[in-house]
Amino acid sequence: MKFDLAIVGAGVLGSFAALEALRKGKRVLLLDAGVIARGATVRNFGQLVPSGMALGPWRELGIRSLSIYRQLQPMVGGAIWQQGSTYIASTPEEAMLLEEMHAIDCAHNYRSQLLTPNQCMEKMPALRAEYCHGGLYYPDEMSAESGQLMPRLWSLLSANPALTLRPGTLVRDIRERDGSVEILTSSNESLRADQALICCGHLLNQLYPDITQHDQMKLCKLQMLRSESVPGIRLPGNLLTGLSIRRYEAFHSCPSYPVLPQPVLDPRYGEFGIHMLFRQSADGSIIIGDSHEYFPANDVTSIDYEVREDINQLMLEEARNILKLPHWRMTSCWNGYYSQDMSGQKVLLRSVSEKIHLVTGIGGKGMTTGPALMQNVVQQLLRGEALTLPREHSYA
Ligand SMILES: Cc1cc2nc3c(=O)[nH]c(=O)nc-3n(C[C@H](O)[C@H](O)[C@H](O)COP(=O)(O)OP(=O)(O)OC[C@H]3O[C@@H](n4cnc5c(N)ncnc54)[C@H](O)[C@@H]3O)c2cc1C
């Protein structure tokens, strides 16, 4: 059987590309090396936060992705929900940034609401009063339990007879042959499609490494922790804090961002790219993170696979300055990896040939922006166009 589109990699990018191709009535082959999803897509926070994205196309893709998630919500049984995102300022200067961002949101018709310190404390009594200098709330933003979302999304996709899902299938080569694309697997199977789309995440040394491992491509290692269930504590939606306000690109557009005083913190917070985010799961446990260590993609031997205890301790120390919890017992810690294209486009979108295309290097924004980005990518492929980022529109 010949497919219209073969997709290599079934993380968030590949899976949402498959969803869009099915919606367009195409026959789709979706392959992943993992028997179940194991990449960045199931190791993340599941914060769907357009509010943090750089203003322009990325924020817009995030907002469009929210509506795709909203349509999917009834079909994935509780794995996606809407409780908004709340940013908490830890200094008066960060609170000023939140006010400026709220004005930007109003100008672009993106709903946000400024919160006084008292309103923040009412919403989340576990916040430390001395940390909180005000908040900004985005009611329309969503969260995902990624480890539940992906198996449910794979089942949903494979319930469509037009899709063939092949988990546990490593693709070792893709080439154009006799007017179509031949996909060769590690068990020497040969599969055929009109076009192929590679969404390989951080596994850049397998297919087209000469293109993916370019000088401005980095691999990023992140560490995360999960607490035991914390009875009596409610943290609705996504909780983002002072270090996130400083890190997230959206806030770079605020007039006072360039004069924001440096935080008085151990320099290792900067060295390990630590900013503090929290998200509570349905069982009451809290995901706490995260750190960012960068490695050059063209030297895969440079990456390390260890969970560093010193980084975990730094994150927990700052977490304790933000929240007052009845206990700080952790049940697990893990790391995740993504590839991040540091060039102007902030993602690697490339048509390798007329029929073979690559999307990777989306960095830390794949859950938030991936669904709409891949809708766009698939529509471009089906129109026979080379891949590009959509142009900027207004958010409304
Ligand atoms: C710890 C952490 C926290 C994060 N938090 C957030 C967040 O809160 N919000 C947000 O928006 N983003 C977040 N991100 C980023 C987000 O998770 C990623 O941007 C996104 O998951 C990348 O998706 P992907 O499909 O490109 O990659 P992946 O999920 O890694 O999927 C790639 C897939 O390709 C498969 N593959 C690769 N090569 C082959 C091959 N040759 N043959 C067959 N299969 C192959 C792999 O098996 C893998 O399943 C976070 C990431 C991490 C690591």
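Residues numbered from 1 in each chain as written. Predicted model: local features only at pLDDT ≥ 70, side-chain atom pairs only at ≥ 80, totals over all residues. Heavy atoms only, no water.

1. Focus on the pattern of salt bridges
On inspection of all chains with the given rule, the structure shows 22 salt bridges. In this structure, the salt-bridge partner of Arg27 is Asp4, at a minimum N-O distance of 3.0 Å. Separated by 23 residues along the polypeptide, Arg27 in the loop between α1 (12-23) and β2 (28-31) and Asp4 in strand β1 (residues 2-8) bring together distant segments of the chain. For Arg27, a relative accessible area of 35% gives the class partly exposed. Assessed through its relative accessible area of 17%, Asp4 is described here as buried. The shortest N-O distance in the salt bridge between Glu293 and Arg308 comes to 4.0 Å. Taken together, the positions of Glu293 in strand β17 (residues 293-296) and Arg308 in the loop between β17 and α9 (309-322) put the pair 15 residues apart, joining distant regions of the chain. (Salt bridge = Lys/Arg side-chain N within 4 Å of Asp/Glu carboxyl O. Helix = DSSP H or I, 4+ residues; strand = E, 2+ residues; numbered from the N terminus. Buried < 20%, exposed > 50% of the residue type's maximum accessible area, 1.4 Å probe, protein only.)

2. Topic: the side chain of Asp4
One polar contact links the side chain of Asp4 to the main-chain amide nitrogen of Arg27, over a distance of 2.7 Å. Dropping the residues within four chain positions of it, Asp4 is found in contact with Lys26, Arg27, Asp194 and Gln195. (Polar contact = N/O pair within 3.5 Å; in protein donor to acceptor, adjacent residues only side chain to side chain. Contact = heavy atoms within 4.5 Å.)

3. A short note on the sheet that holds strand β8 (residues 142-144)
Sheet architecture is open: three strands sit in the order β3-β8-β4, paired in antiparallel fashion. Pairing within the sheet leaves two strands with one partner each, and these edge strands are β3 (47-48) and β4 (80-82). Where β3 meets β8, two bridges bridge the pair, whose relative direction is antiparallel. Among the inter-strand pairings, Gln47 is bridged to a residue of β8, identified as Ser143. (Pairing = 2+ DSSP bridges.)

4. Regarding the pairing of strand β16 (residues 286-289)
What you see with β16 is no split at all: Ile286 and Ile288 on one side and Ile287 and Gly289 on the other are buried throughout. Looking at chain direction, strand β13 (residues 217-227) and β16 are connected through three bridges and run antiparallel. Paired with Met224 across the bridge in β16 is Gly289. Examined bridge by bridge, strand β15 (residues 277-280) and β16 share four bridges and lie antiparallel to one another. Of the residues in β16, the one forming a bridge with Arg279 is Ile287.

5. Things to note about the packing of α1 against helix α10 (residues 366-382)
Orientation of α1 relative to α10, taken along the N-to-C sense of each, is 40 degrees, at an axis distance of 8 Å. With respect to their mutual orientation, α1 and α10 come out oblique. Judged by the sense of rotation from one axis to the other, the crossing of α1 with α10 is right-handed. Mapping the contact onto sequence places Val12, Leu13, Phe16, Ala17, Glu20, Ala21 and Arg23 in α1 and Gly366, Met367, Gly370, Pro371, Met374, Gln375, Val378 and Gln379 in α10. Class assignment of the residues belonging to the contact of α1 with α10 gives a composition of nine nonpolar, four polar and two charged. (Axes fitted to C-alpha atoms, helices over the stretch in contact; angles between N-to-C directions. Parallel < 35°, antiparallel > 145°, perpendicular 65-115°, else oblique. Left-handed = near helix turned anticlockwise from the far one by under 90°. Nonpolar A, V, L, I, M, F, W, Y, C, P; charged D, E, K, R; others polar.)

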